[in-house]
2 protein chains.
Amino acid sequence: MRRLKDIGEFGLIERFRKSIRTDPSVIKASGDDCAVLKLDKLNYQLFTCDMLAEDVDFTLKDKPYLIGRKAIAVSLSDIAACAGQGRYCVISLGLPKDTPLKFADELFKGMRDISRKYKVNIVGGDLSRSNKIIIDVSMLGQVEKKRLVLRERARPGDIIFMTGELQGPASDKHLKFTPRVEEARFLARNFKINAMIDISDGLVQDLRHILNKSAVGAVIYEDLIPLSKGVRNLSAALNSGEEFELLFTLSRREAQKLLARKVAEFKPIGEIRMKQYGFKLMDKKEQLINITPKGFRHF
Amino acid sequence: MRRLKDIGEFGLIERFRKSIRTDPSVIKASGDDCAVLKLDKLNYQLFTCDMLAEDVDFTLKDKPYLIGRKAIAVSLSDIAACAGQGRYCVISLGLPKDTPLKFADELFKGMRDISRKYKVNIVGGDLSRSNKIIIDVSMLGQVEKKRLVLRERARPGDIIFMTGELQGPASDKHLKFTPRVEEARFLARNFKINAMIDISDGLVQDLRHILNKSAVGAVIYEDLIPLSKGVRNLSAALNSGEEFELLFTLSRREAQKLLARKVAEFKPIGEIRMKQYGFKLMDKKEQLINITPKGFRHF
């Protein structure tokens, strides 16, 4: 009998996606950071959900305030990856009945504080009994039609940038990261971004998503990958999930404009090539290495 | 140390709700079947989420097709309770890695088929590893501003109606129920409905929600409660959760118009009274019995 682990997370998602039909009000169904829906003359609505499970995405040793914060931040990051802003969310909570009230309070406070900070309205929820803690946040956002960015428009010659630096798998950045909402809005307002994604599965895996959706290849330069202090293992950092930085591409001309602004948060790390080129890393000895599929997966 | 079970499901929800502030684009945050958001000149957007957990809302002995169907149907039912129609949903799935592929396929087929039937677009999702199956559906719907129905406008003198009949706690109706979307739309198009809710916590509990939100009392008549064949225990039926029928109130005049249409699905079961009256059942011997708080709760 075939089981989930035999086809993997992306295999199962592909399996589901194939059989889905949507009506013309759906600009983009699954396959990007958010679904994109018609809203009004000037704006699209963005719709995304993210589930966090105890012992997978956090443990009971983590601070409940930070767990709650993360539950909202991951959805904010998805919406930022489409260049939008979060507006409303609903929260489904599965909690064991022995959960200390203090834990629930802190969890909720973490959600509430970050929601306020980013002007997201918590408008509803569902509370359920479960044997382990489960938090699922669904968020609605908004983006101007002309500023929407998806994964699928990277072009050969584009420069690949990322925000911040890679923290690597051992860090607790996954609980404390700043969703790159302001950076995304700055980019969308001032530049023509061709493709964007947030690094949730790992830089290599997520850049691969852009390459696949855009039908292009890429080279990234070891020298240019911004690593946090203390990160020794490049390969582990390149495959580290839940970094939640933005990865984006823009034309050489737009890239020059961006570089001229001298904003330290945005760093060029490589270049989009033709599909036939493949996906390569140029190491410090200027040797080209083929990058093979890897990255964090649930199954 | 105080734990969740000490304050209960509704206690925790109240605790969270108190500290939430929303901006003026939010017509109704939590406290009803759906959140209500501004959309355009004529319509509101409805937003709801429902989490189903293995061994709480279904077991592995249930047919996966029906579990998937239910996961969508409960949200459709919430949107129907606000007199709206579902439009888009995102699905978060937590699955153990040993889940048979066939189970996942059937689960998804159940979701897909009922979504198609009610013209809801499945536009995205999130897949996570978990030790028990968790399904969380968030749904967006739409309702004409003038047709929105909440829990809070029941008035003394209103007649209380329900759709269908109570199946009682032992039945498998919770997996097979028809979300009352068509009935809700028929009602909203043709009558002025003052308050409506779907029976997810039990008739008594959900009518109590209407009474509390509307600051009124009520009497229901044992003789008039529609019970499915084979249901012996009235009290159990009145407190049986997950019936998913609609419970609604409308003025005597509107009620007469509705009764004149002779639609068998809608049955009068009682009357809204002043708050001071309380909440009572008139039994078959014409004795008035006070109804005490009860109904399905998660903690």
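Relevant structure appears above.
Figured I'd write up the structure that's included with this text. What you are looking at is a predicted structure, and each value in this text was computed from that prediction instead of being measured.

Rules behind the numbers
- Residues numbered from 1 in each chain as written.
- Chains lettered and ligands numbered in written order.
- Predicted model: local features only at pLDDT ≥ 70, side-chain atom pairs only at ≥ 80, totals over all residues.
- Helix = DSSP H or I, 4+ residues; strand = E, 2+ residues; numbered from the N terminus.
- Buried ≥ 20, exposed ≤ 12 C-beta atoms within 10 Å, placed from the backbone.
- Contact = placed C-beta atoms within 7 Å.
- Nonpolar A, V, L, I, M, F, W, Y, C, P; charged D, E, K, R; others polar.
- Pairing = 2+ DSSP bridges.
- Axes fitted to C-alpha atoms, helices over the stretch in contact; angles between N-to-C directions.
- Core = buried A, V, L, I, M, F, W, Y, C linked by C-beta atoms within 7 Å.
- Parallel < 35°, antiparallel > 145°, perpendicular 65-115°, else oblique.
- Left-handed = near helix turned anticlockwise from the far one by under 90°.

Within chain A one finds eight helices and 13 strands. Once the C-alpha set of chain A is aligned to its principal axes, its extents read approximately 55 × 50 × 50 Å. Within chain A, buried positions represent 52% of all 299 residues.

In this complex, chain B contributes 58 residues to the contact, which on the side of chain A involves 58 residues. Looking at the side of chain B that touches chain A, the elements that each hand over two or more residues are α1 (4-18), β2 (35-38), β3 (43-53), β4 (85-95), α3 (101-117), β5 (121-129) and β6 (134-144) of chain B. Looking at the side of chain B that touches chain A, the element that brings in the most residues is β5(B), giving nine residues. Grouping the constituent residues of the side of chain B that touches chain A by class yields 29 nonpolar, 15 polar and 14 charged.

Quick look at the pairing of β6(B) now. Residue and element names in this part refer to chain B. The buried fraction of β6 is high, at nine of 11 residues. Bridging between β3 and β6 involves 11 bridges; their strand directions are antiparallel. Bridge pairing links Phe47 to Leu140 in β6. Pairing between β4 and β6: nine bridges, direction antiparallel. Bridging from a neighbouring strand, Ile91 pairs with Val137 of β6.

Residue and element names in this part refer to chain A. Taking strand neighbours across the sheet as the criterion, the seven strands line up as β8-β10-β7-β11-β9-β12-β13 in an open arrangement whose pairing is mixed. Each of the sheet's edge strands pairs with one partner strand only, and the pair in question is β8 (195-198) and β13 (288-290). Strand after strand, the sheet turns through a mean of 25° between neighbouring axes, direction not considered. Alignment of strand β12 (residues 279-282) against β13, held across three bridges, turns out to be antiparallel. Counterpart to Leu281 in the pairing with β13 is Ile289. Helix α6 (residues 203-214) contacts β8, β9 (217-221), β10 (246-250) and β12 of the sheet and is inclined by roughly 145° relative to β8. Against the sheet, helix α8 (residues 252-260) engages β7 (159-163), β10 and β11 (266-273), with an angle of about 125° to β10.

This part takes up the nonpolar core. With 184 residues, the main nonpolar core has A:Cys82 and B:Cys82 as its most contacted residues. Beyond its immediate sequence surroundings of up to four residues, A:Cys82 is in contact with A:Asp32, A:Asp33, A:Cys34, A:Val36, A:Leu46, A:Val143, A:Leu148, A:Val149 and A:Leu150.

Moving on, we get to the packing of helix α3 (residues 101-117) of chain A against α1(B). Where α3(A) meets α1(B), the axes come as close as 11 Å, and the angle between the chain directions of the two elements is 20°. With respect to each other, α3(A) and α1(B) are oriented roughly parallel. α3(A) and α1(B) meet at a crossing whose hand is right-handed. Here α3(A) contributes A:Leu101, A:Ala104 and A:Phe108 to the contact with α1(B), which in turn contributes B:Leu4, B:Ile7, B:Leu12 and B:Phe16. A breakdown of the residues in the contact of α3(A) with α1(B) according to their chemical character gives seven nonpolar, no polar and no charged.

A separate point is unusual backbone geometry. Here the phi dihedral of A:Lys262 falls at roughly 50°; this positive angle occurs in a residue that is not glycine. Secondary-structure assignment places A:Lys262 in the loop between α8 and β11. Note on A:Lys262: 7 C-beta atoms within 10 Å, which makes it exposed. Notably, B:Lys119 is not glycine yet its phi reads approximately 55°, a positive angle. Tracing the sequence through the fold places B:Lys119 in the loop between α3 and β5.

Residues and elements named next belong to chain B. Tracing the backbone shows Lys109 in helix α3. C-beta crowding within 10 Å serves as the criterion here: with 16 such atoms nearby, Lys109 is assigned to the partly exposed category. In the structure, Lys109 is positioned 118 residues away from Leu227 in sequence and 32 Å away in space, judged by C-alpha atoms. With residues near it in sequence (within four places) discarded, Lys109 still touches Tyr65 and Gly68.

This next bit is on the sheet that holds β6(B). All names here are of chain B. With respect to topology, six strands assemble into an open sheet ordered β1-β2-β3-β6-β4-β5, the strand pairing being mixed. The open sheet has two edge strands, β1 (26-28) and β5, and neither has a second partner. Direction aside, neighbouring strands of the sheet carry axes that sit 20° apart on average. Sheet analysis places β4 next to β5, joined by eight bridges and oriented parallel.

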